[in-house]
Amino acid sequence: AKQSGHNHLQFYVASIDQEIRDRKLLERDLSEALAKGEFHLVYQPQVDLETRRIIGAEALIRWNHPTRGFVPPDHFIPVAEANGAIVEIGQWVLEQACWQASQWAAKGIGVRIAVNLSAVQLQQADVVEDILDTLHRHNVAAGRLELEVTETSFMTNLADAVDKLHQLNQAGISIAVDDFGTGYSSLTYLKKMPVQHLKIDKQFIRDLLLNEEDTRIANTIIDLGRSLNLSVVAEGVETAEQEYYLTQRGCRLAQGYYFSKPIPAREFETFVHSFHEQ
Ligand code: C2E
Ligand code: CA
Ligand code: CA
Ligand code: CA
């Protein structure tokens, strides 16, 4: 028994060792990805369920590495947040998204672009200045930009986060709370935060019609939105039944595979035109 315990420990140490090496390699590749042009953005339509118009596009980053292939954001964003690389990557995302917004505005595609803003980015002293500067350089109206923040953003330094989001909001940028209900949701945050939208996390939408608890959580968020005068966006809508339920229940906005997966900008343009012709 002693022997096998020892072997176990060796195996365990070896596998941790491997994990550390893997992580270092990922960090190395990540640090070169920007310069090598390995990132691109895709856009997922946000639909107004009442008017049947596409009102927004969430920008989502994609990383295609020459040997790793597609690396999902859930895999590399946390690493980039931990080592600070997210600041530079996030700035690149914003730059691309603002450029795209200016292209779409010129083509008469009146969508708002939603960009995910990491808590680490929000902690940067010059984040407000950087964002406003990026909008100006691309000649994009602040009303065209929405920033999606998670509840984690409010936790480290609430007063600082409130102050920055206020400045961004004053400038005309709208703020959405992403993954609402999954983190340390507190009604205090909602009262203090200058937010306009709540996004119901896709984990509550997936089994919306199968799991009573999920139904109740979604209903609660929709009602909360109504009483606080915030618009509610359901993410991860995959079926007609989910769409029907949300529409009946008074959730105004939705995004999900039922309408479209996140797609490249060109495809997005075609999608908007055909959706509006239906
Ligand atoms: P998120 O912001 O909550 O984004 C929603 C995720 O759900 C996206 O995954 C999207 O592709 C996926 N999704 C959309 N509709 C459906 C659906 O109907 N069913 C299912 N199962 N999934 C759906 P993605 O693109 O893999 O991104 C994962 C996460 O990575 C994002 O979650 C966000 O937290 C982070 N992320 C992605 N791009 C960026 C970025 O540019 N900056 C930052 N800071 N984070 C990003
Ligand atoms: Ca998001
Ligand atoms: Ca989410
Ligand atoms: Ca998320």
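Residues numbered from 1 in each chain as written. Chains lettered and ligands numbered in written order. Predicted model: local features only at pLDDT ≥ 70, side-chain atom pairs only at ≥ 80, totals over all residues. Heavy atoms only, no water.

Labelled according to an unreviewed UniProt entry, the protein appears under the name EAL domain-containing protein, originating from Marinobacter salinisoli.

Visitor: Hey, could you go over the side chain of S153 for me, with residue numbers and the actual values?
Guide: Tracing the backbone through its elements, the reader meets S153 in the loop between β5 (145-149) and α6 (158-170). Owing to a relative accessible area of 5%, S153 belongs among the buried residues under this scheme. Residues in contact with S153, not counting those within four places in the same chain, are A119, L122 and A161. (Helix = DSSP H or I, 4+ residues; strand = E, 2+ residues; numbered from the N terminus. Buried < 20%, exposed > 50% of the residue type's maximum accessible area, 1.4 Å probe, protein only. Contact = heavy atoms within 4.5 Å.)

Visitor: So, the packing of aromatic side chains: which residues are in play, and what are the values?
Guide: Counted according to the given criterion, the structure contains 9 aromatic pairs. Seen from their ring centres, F39 and W92 are 6.0 Å apart, and the 45 degrees between their planes marks the pair as tilted. Of this pair, F39 sits in strand β1 (residues 39-48) while W92 sits in helix α3 (residues 86-106), placing them 53 residues apart in sequence. In this structure F39 comes out as buried when scored by relative accessible area, which is 7%. What makes W92 partly exposed here is its relative accessible area of 21%. A centroid spacing of 4.7 Å and a plane angle of 25 degrees characterise the contact between W104 and F268, whose relative ring orientation is stacked. Linking W104 in helix α3 with F268 in helix α11 (residues 265-277), this pair joins segments that are 164 residues apart in sequence. Linked through ring pairs, F39, W63, F76 and W92 together constitute an aromatic cluster. Over the ring of Y257 we find K261, and its NZ or CZ is 4.6 Å from the ring centre. (Phe/Tyr/Trp six-rings, centres within 6.5 Å; stacked < 30°, edge-to-face > 60°. Lys NZ or Arg CZ within 6 Å of the ring centre and 35° of its normal.)

Visitor: Just give me the short version of the site of ligand 1, but keep the residues and values in it.
Guide: Close to ligand 1 lie 22 residues, the nearest being Q44, R62, D178, E238 and Y257. One of the side-chain nitrogen or oxygen atoms of E58 is found 3.3 Å away from an oxygen atom of ligand 1. Within the side chain of E238, a nitrogen or oxygen atom sits 2.5 Å from a nitrogen atom of ligand 1. Starting from 800 Å² of accessible surface for ligand 1 in isolation, the protein chains cover 85%. For ligand 1, the cavity whose grid points lie within 2 Å of the majority of its atoms is the largest pocket. A per-element tally of the shell around ligand 1 places strand β2 (residues 53-65) first, with 4 residues. (Near = heavy atom within 4 Å. Polar contact = N/O pair within 3.5 Å; in protein donor to acceptor, adjacent residues only side chain to side chain. Areas by Shrake-Rupley, 256 points an atom, 1.4 Å probe, with all protein chains shown as cover. 1 Å grid on protein atoms, 1.4 Å probe; cavity = no way out; pocket = protein on both sides within 12 Å on 5 of 7 lines; lining within 4 Å. Sits in = over half its atoms within 2 Å of the grid points.)

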